[in-house]
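# Chains, contacts and geometry: an overview
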Amino acid sequence: MIVKLIPGESVFIRINAKDLYGGKPELAVLKGEYYSFKVPEGQKWKDLWFSTDANGYFNPLLLISGRRVPGVRCFTLCGTIGKNEDHHFKIGSLLENYQIPVNGSLCFFPNDSIRHYDNNCGTINVEVTRIS
């Protein structure tokens, strides 16, 4: 199911920690629209044996193997437009007034090494609100 929000409307999207491009329901967005993202308190997901919230944690091992979004903590909730590695953005537990850079579908993921999603588990729900 693909969802298109009108200004002022919100939807909760469930993100599985194993998904490279996750989020159910799928949300269609257009260039120039503004959105806010908020993860309710208390939600956790797990990277191997590290349990963390949407703000992630410092993982020195990923300094060597790399993260999908450089400079952003491991397991921080991030987004991208479509299955495109060029349009990543950091969300964490709160991101307000984000302007969509291109048309597409909004996808979500924990910031991890692209080769290590198989050891992830859990889900996080994010409330997505279209501002304009």
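Up top you'll find the structure we're talking about.
All of the points below concern the structure found in this document. (Residues numbered from 1 in each chain as written. Predicted model: local features only at pLDDT ≥ 70, side-chain atom pairs only at ≥ 80, totals over all residues. Heavy atoms only, no water.)

### Here we look at the overall build of the chain
Each helix and strand counted, the chain has 1 helix and 13 strands in total. When its helices and strands are written in sequence order, the chain yields β-β-β-β-β-β-β-α-β-β-β-β-β-β. The C-alpha atoms of the chain give a radius of gyration of 14 Å, which matches the 14 Å a tight globule of 132 residues would have. By principal-axis analysis of the C-alpha atoms, the chain measures approximately 40 × 30 × 25 Å. The 132 residues of the chain split such that 45% are buried. Total accessible area on the chain is roughly 6800 Å²; 55% of this is exposed by carbon and sulfur atoms. (Helix = DSSP H or I, 4+ residues; strand = E, 2+ residues; numbered from the N terminus. Rg over C-alpha atoms; globule rule 2.2 N^0.38 Å. Buried < 20%, exposed > 50% of the residue type's maximum accessible area, 1.4 Å probe, protein only. Areas by Shrake-Rupley, 256 points an atom, 1.4 Å probe, with all protein chains shown as cover.)

### Let's talk about the pattern of salt bridges
The tally for this structure, following the rule as stated, stands at 3 salt bridges. Across the salt bridge formed by Lys4 and Glu33, the nearest N and O atoms sit 2.5 Å from each other. Placement of Lys4 in the loop between strand E1 (2-3) and strand E2 (10-16) and of Glu33 in the loop between strand E3 (22-29) and strand E4 (34-38) is noted, with a sequence separation of 29 residues between them. Using a relative accessible area of 38% as the deciding quantity, one classes Lys4 as partly exposed. Take Glu33: its relative accessible area is 6%, and that puts it in the buried class. For the salt bridge of Glu33 with Arg130, the shortest nitrogen-to-oxygen distance reads 3.4 Å. On the criterion of sequence distance, the pair formed by Glu33 in the loop between E3 and E4 and Arg130 in strand E13 (residues 123-130) is long-range, its members being 97 residues apart. (Salt bridge = Lys/Arg side-chain N within 4 Å of Asp/Glu carboxyl O.)

### Observations concerning the packing of aromatic side chains
Scanning the entire structure with this criterion turns up 7 aromatic pairs. Centre to centre, the rings of Trp45 and Phe75 are 5.5 Å apart; their planes meet at 75°, and the pair counts as edge-to-face. In this pair, Trp45 is assigned in strand E5 (residues 45-47) and Phe75 in strand E8 (residues 74-81), connecting sequence segments 30 residues apart. Phe75 carries the same exposure label as Trp45, and that label is buried. Within the aromatic cluster, the residues linked to one another by ring pairs are Phe37, Phe89, Tyr98 and Phe108. Over the ring of Tyr21 we find Arg68; its NZ or CZ atom is 5.0 Å from the centre of that ring. The positively charged end of Arg68 is found above the aromatic ring belonging to Phe109, 3.8 Å away from the centroid. (Phe/Tyr/Trp six-rings, centres within 6.5 Å; stacked < 30°, edge-to-face > 60°. Lys NZ or Arg CZ within 6 Å of the ring centre and 35° of its normal.)

### Points about the layout of surface pockets
Within this model, the second largest pocket holds a volume of roughly 150 Å³. As for the second largest pocket, its lining consists of Asp19, Tyr21, Gly22, Gly23, Lys24, Glu26, Gly82, Lys83, Ser105, Leu106 and Cys107. Looking at the lining of the second largest pocket, the elements that each hand over two or more residues are E3 and strand E11 (104-110). Here the element with the most residues in the lining of the second largest pocket is E3; it accounts for 4 residues. (1 Å grid on protein atoms, 1.4 Å probe; cavity = no way out; pocket = protein on both sides within 12 Å on 5 of 7 lines; lining within 4 Å. Points joined across faces, edges and corners; volume = space filled by probe spheres on them.)

### Focus: the nonpolar core
Within soluble globular proteins, side chains that are nonpolar generally end up buried alongside one another. With 28 residues, the main nonpolar core has Leu27, Phe37, Leu77, Leu106, Phe108, Val126 and Val128 as its most contacted residues. Only E2, E3, E4, E8, strand E10 (94-99), E11 and E13 provide two or more residues apiece to this core. For this core, the leading source of residues is E8, giving 4 residues. When residues no more than four places from it in sequence are discounted, the contact partners of Val128 are Leu5, Glu9, Ser10, Val11, Ile13, Leu27, Tyr35, Ser36, Phe37, Leu106 and Phe108. (Core = buried A, V, L, I, M, F, W, Y, C linked by side-chain atoms within 4.5 Å. Contact = heavy atoms within 4.5 Å.)

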